[in-house]
Amino acid sequence: MADGLTLECVRESLIRQEDTIVFSLIERSKYPMNSPVYVEGFADIPGFTGSLVEYVFRKTQAVHSTVGRYESQEEHPFFPDNLLPSLLPSYNHPKVLHPAGDAININTTIWDMYFNQLLPLFATEGDDGNYAQTAACDLECLQALSRRIHYGKYVAEVKFKDSPDDYGTLIHAQDRDALMKLLTYEAIEEMVKRRVEKKAMAFGQEVTLNGTDKEVKYKVDPFVVSRLYVEWVMPLTKLVEVEYLLCRLD
Ligand SMILES: O=C(O)C(=O)C[C@]1(C(=O)O)C=C[C@@H](O)C=C1
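Residues numbered from 1 in each chain as written. Predicted model: local features only at pLDDT ≥ 70, side-chain atom pairs only at ≥ 80, totals over all residues. Heavy atoms only, no water.

- In the annotation of an unreviewed UniProt entry, the chain is listed under the name Chorismate mutase and assigned to Escallonia herrerae.
- Taken verbatim from the UniProt record of the chain, the Pathway (unreviewed entry) comment is "Metabolic intermediate biosynthesis; prephenate biosynthesis; prephenate from chorismate: step 1/1."
- You can read under Subcellular location (unreviewed entry) in the UniProt record for the chain the words "Cytoplasm". (UniProt positions renumbered as here; feature names shortened; annotations may be inferred.)

### Re the packing of aromatic side chains
Next, step 1: Evaluation of the coordinates by the stated rule reveals 11 aromatic pairs.
Next, step 2: An angle of 55 degrees between the planes, with centres 5.2 Å apart, marks the rings of Tyr 38 and Phe 115 as tilted. Placement of the pair is Tyr 38 in the loop between helix H1 (7-28) and helix H2 (52-66) and Phe 115 in helix H3 (residues 107-122), with a sequence separation of 77 residues.
Next, step 3: Between Phe 79 and Trp 111 the ring centres are 5.4 Å apart and the planes differ by 80 degrees, which places this aromatic pair in the edge-to-face class. Residue Phe 79 is found in the loop between H2 and H3, and its partner Trp 111 is found in helix H3; the two are separated by 32 residues along the sequence. (Phe/Tyr/Trp six-rings, centres within 6.5 Å; stacked < 30°, edge-to-face > 60°. Helix = DSSP H or I, 4+ residues; strand = E, 2+ residues; numbered from the N terminus.)

This is how it looks when you write it as structure tokens:
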């Protein structure tokens, strides 16, 4: 392909991103739920009324924005309002995606899924006071999930370029359901599900030198990781793919 992007290399990136996601969940699992982090007004921050986690996100993303993070089409801010542009000299990141896709940002949905559905599945009850560390871990998890899910734009671009006629017809018809069917590979999804479960077992097991046959304990339940992928990561990636394709010919 002209821009060198192939389905194989895009899938390789998705596989590598699985490592980042599994490790970020393992890091978050060091801390209990620490619910004050999520309570509006818990921190007495002048001029700010949201939760501590929102504060950490806004401040971190403001810094990242001024050093060019969102110049890359792979990155999507959680709070895009009022971000300042990059102060760095322009790197000229390759713009492989169709510009209409830049407006697609489903981080609100990802945020909601993470805090309301995923976190309660793996964070233990309790409060150890490590609020800043907890919010920093949430930031890592959410950024990794957001990057992976929005990578659906690249997957969709490659699929479109590989079969422009098949996709073109459905895009002209704005046929969401048929696009979803055409871009779905059930055998690949099954492999992803099994691989992330295996990674959670490999990365999250206690390593001992005098290995006896004690019951193996995992830092994050491998079943929760496969469920995360089956229920949220893959469906949301496919949603991004469909949204991107719908505007691919604009
Ligand atoms: O690998 C692909 O073809 C993708 O579109 C990515 C992905 C995924 O999210 O992992 C999504 C849809 C396919 O059914 C298979 C896998």
